[in-house]
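Coordinates in review
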Amino acid sequence: MKSKLADEVQFVKGVGPKWAERLSQLDIKTVRDLLYYFPREYEDRSQLSQIKYTKIGEKANFKVEVLKINYQKIRPNLDLLKVSFSDGSDVVNGIWYNQAYLRNQFKEGDQYLITGKISEKNWRKYKRKEINNPVYEKIGSEASVLNTGRIVPIYPLTEGLSQRRLRKVIANVIKNYGSLLKDQLPRNLLEKYQFPDLKTAILGMHFPKNQKHKNLSRQRLAFEEFFHLQLYALEEKKKKTKFKGIKHEFKQSVNDKLLSQLNFELTAAQKRVLNEIEADMGSEKTMARLLQGDVGSGKTIVAALALLQTLANGCQGIFMAPTEILAEQHFLNFQELLKDFDYKVEILTGSVKQAARKEIEAEIKTGEIDLIIGTHALFQKALTYQNPGLVVIDEQHRFGVEQRHSLKEKGDSPDLLIMTATPIPRSMAMLIYGDLDLSVIDQMPPGRKKIATFWRRENRRKKIYSFLEEKINKGRQAYIVCPLIEESEEMPELLAAEELYNNLKTGFFKNNKLALIHSSVPALEKKEIMEKFRAGKIDILIATTVIEVGVDVSNASIMIIENAERFGLAQLHQLRGRVGRGSYQSYCILISNPRGEDATRRLEIMCKSNNGFLIAEEDLKMRGPGEFFGTKQHGIDDLKVASLTADQELLAKARTEAQAIVELNNWQKKYNQLANIIAQIELKI
Ligand code: ADP
Ligand code: MG
């Protein structure tokens, strides 16, 4: 039978069924999996020392000859193997307890490489140089040197596997199957970047000849990972923009009319991104654009102006928000903004009752409704739009990829604008959202005061409440956010929103108007509470993270977050972004007795910085991309070698090269192996 990379590991030399079972715990099922099972780190054991000049207590590598082998039983269940090694400069003993089976491994006169630490304890006790359990490897046998005398791979292991044996198995596999590895990187790229071919790179990941071999191998494989994802994303983008979209005609007059209604001027950044959006909308190709802007940078008005253009062109506008509260708020906001225009604005969320829903759905279909605002409910299969011109999705970080895809299928390719408050470096955005164009609002509206952020321990609560009382007496409003709704037996240390509400209502704030809002409050009630809060009829809103994104009440200037250690950086920044939206000095108070370094670090970063960009970068560093972006985002989980944070230069190169290929006519013909890989990525995503 011909061997293949897809062969099961249990038929590999050195693996039997028992080992195959253990390897499967590491998700290693085939020969290919083994080849791509990369070390977690390396230990450089390539530098040889002389025994005589090596300090006691120091770890070193020696090239030695076996002088003498001594095996003795000390007690019934204790035996000792002592092998004396010499490198010509001095002698060192290798010491093994209860490993009698090793006795026959060594033969006088044989040459070995050994690695280990010359034991301080034994030196003090016996005045002898000894190494307990040295790593050893015979020289001159037909097997290659894997465990010492070189840069040695250290693999993540599981119960019952040893580094030694795994190294041997992988080395065998490279030797016997390596030639089956087909290089998929175009030759000109290999040459241009002086990358090693695939087999050399795989070898370099496991058993590098030297640091350079290791680094080049890693770079090549990281480049390749980025390159594939970019090819996929850019091809998607090309497909998308091939659709004929709606060519919007820019209507200056409606634009001016809306702007004149505002009591502020657009910032330069808002104007710039608006130009970018309008240029796309005015072109024949479909827009697919990501609008990035920190919390409070004013994305909504940009979306409103773009939507107004689509309405003025006789098309429907669709605006999707991640939560009902937010949809409701945008609905009120848009009604107000468009009150002097003759457009019908409606809201559709999961909690709209059947009869009303039927009516709204019918009016969407006939085009009676011009602008429809809502949640996921807007993308049920049954819904048909009359002639959608622009779809806006707010706060993209809450949405998975599927929604984005299901959206594409609504109507004849309307323009698409996705808004996110998670600012990530541009090159990274290009990978995650590589199929989108990017606009960035990198400037805050003028006159915003920095939100003063403090971290206080729980024993300071009284003082915090007095401070809050003082602000409320001046007419301000506040949020207090808790991690849980109800008390939980499993997490008794966490303050629950209900408990806090009951305490404060009858205690410290008994003379104030308080309200409680969380996910199990019925939608209608939620709506009423938010209306009252907006109207200033509630002083303190006690809430869970239902208010996390987008809520915009400019008179609310104090945000208190209970058990702040429970929240991630992005979430804390979002929550804090609920205040600082008006001209009042705003405050964010993080109440927390953190356990652990990570939590403390998060609190410190929050106190130090108001800048969402910096915070996102810290967040990414602390949590890693998998968690930061959510699991299913765009194959990032498949990055085994490449690092989104450390390899940004490679990422940029990979994008340039992928772009050059995608621009070729019919590139799939010339590079059909690459085309196959892209097809596989598509299936997975
Ligand atoms: P986000 O980008 O977080 O969605 P919003 O669109 O909710 O931010 O805007 C935050 C607040 O800033 C809103 O109250 C909005 O009216 C106001 N705003 C937006 N643009 C400007 C501007 N250019 N000048 C002053 N205030 C602005
Ligand atoms: Mg917003």
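What counts and how
- Residues numbered from 1 in each chain as written.
- Chains lettered and ligands numbered in written order.
- Predicted model: local features only at pLDDT ≥ 70, side-chain atom pairs only at ≥ 80, totals over all residues.
- Heavy atoms only, no water.
- Near = heavy atom within 4 Å.
- Polar contact = N/O pair within 3.5 Å; in protein donor to acceptor, adjacent residues only side chain to side chain.
- Areas by Shrake-Rupley, 256 points an atom, 1.4 Å probe, with all protein chains shown as cover.
- Nonpolar A, V, L, I, M, F, W, Y, C, P; charged D, E, K, R; others polar.
- Axes fitted to C-alpha atoms, helices over the stretch in contact; angles between N-to-C directions.
- Helix = DSSP H or I, 4+ residues; strand = E, 2+ residues; numbered from the N terminus.
- Parallel < 35°, antiparallel > 145°, perpendicular 65-115°, else oblique.
- Left-handed = near helix turned anticlockwise from the far one by under 90°.
- Contact = heavy atoms within 4.5 Å.
- Salt bridge = Lys/Arg side-chain N within 4 Å of Asp/Glu carboxyl O.
- Buried < 20%, exposed > 50% of the residue type's maximum accessible area, 1.4 Å probe, protein only.
- Domains from an automatic or database assignment.
- Patch = residues over 30% accessible without salt bridge, like charges linked within 9 Å, V, L, I, M, F, W, Y side chains within 5 Å.
- Lys, Arg positive; Asp, Glu negative; His and termini not counted.
- Charge placed at Lys NZ, Arg CZ, Asp CG, Glu CD.
- Pairing = 2+ DSSP bridges.

Our next topic: the site of ligand 1. Close contacts around ligand 1 come from 16 residues, with E265, G296, K299, T300 and R448 the closest. Between ligand 1 and S297, the relevant distance is 3.5 Å, taken from an oxygen atom to a main-chain nitrogen or oxygen of the residue. In the environment of ligand 1, an oxygen atom lies 3.0 Å from a nitrogen or oxygen atom belonging to the side chain of R581. Relative to its unbound accessible area of 570 Å², ligand 1 is 84% covered by the protein chains. Its residues assigned to classes, the shell around ligand 1 comprises four nonpolar, six polar and six charged.

Where helix α11 (residues 324-337) meets helix α17 (residues 523-534), the axes come as close as 10 Å, and the angle between the chain directions of the two elements is 50°. Of the possible angle classes, the one that applies to α11 and α17 is oblique. Where α11 crosses over α17, the handedness of that crossing is right-handed. Facing E324, I325, E328, Q329 and L332 of α11, the residues of α17 in contact are A523, K526, K527, M530, E531 and R534. Looking at the contact of α11 with α17, its residues break down into four nonpolar, one polar and six charged.

Let's shift gears to the pattern of salt bridges. As enumerated under the stated definition, the model contains 22 salt bridges in all. Where D90 meets K129, a salt bridge forms, and the shortest distance between an N and an O atom there is 3.0 Å. Here the residue D90 occupies a position in the loop between β3 (78-86) and β4 (91-97), and K129 occupies one in the loop between α3 (120-126) and β6 (130-132), the gap between them amounting to 39 residues. The exposure class assigned to K129 is buried, which follows from its relative accessible area of 13%. Of the charged contacts, one joins D647 and R218 as a salt bridge, the two residues approaching to 2.9 Å between their closest N and O atoms.

A few words on unusual backbone geometry. For N98, which is not glycine, the phi dihedral falls at a positive 50°. Structurally, N98 is set in the loop between β4 and β5 (111-117). Phi is positive for N666, which is not a glycine, with a value near 55°. Inspection of the secondary structure puts N666 in the loop between α22 (648-662) and α23 (667-670).

Domain boundaries assigned for the protein yield domain 1 (4-42 + 156-209), domain 2 (47-149), domain 3 (252-441) and domain 4 (452-609). Relative placement of domain 2 and domain 4: their C-alpha centres are 63 Å apart.

Right, let's talk about a positive patch on the surface for a bit. Together, K13, K18, R164, R165, K168 and K175 line one region of the surface with positive charge. Per element, the largest residue contribution to the positive patch is four residues, and it comes from helix α4 (residues 163-177).

Ordered in space as β6-β4-β3-β2-β5-β7, the six strands form an open sheet in which the pairing is mixed. At either end of the open sheet lies a strand with only one pairing partner, and these are β6 and β7 (135-138). Taking each pair of neighbouring strands and ignoring which way they run, the sheet shows an average axis angle of 35°. Here β4 pairs with β6 via three bridges, running parallel.

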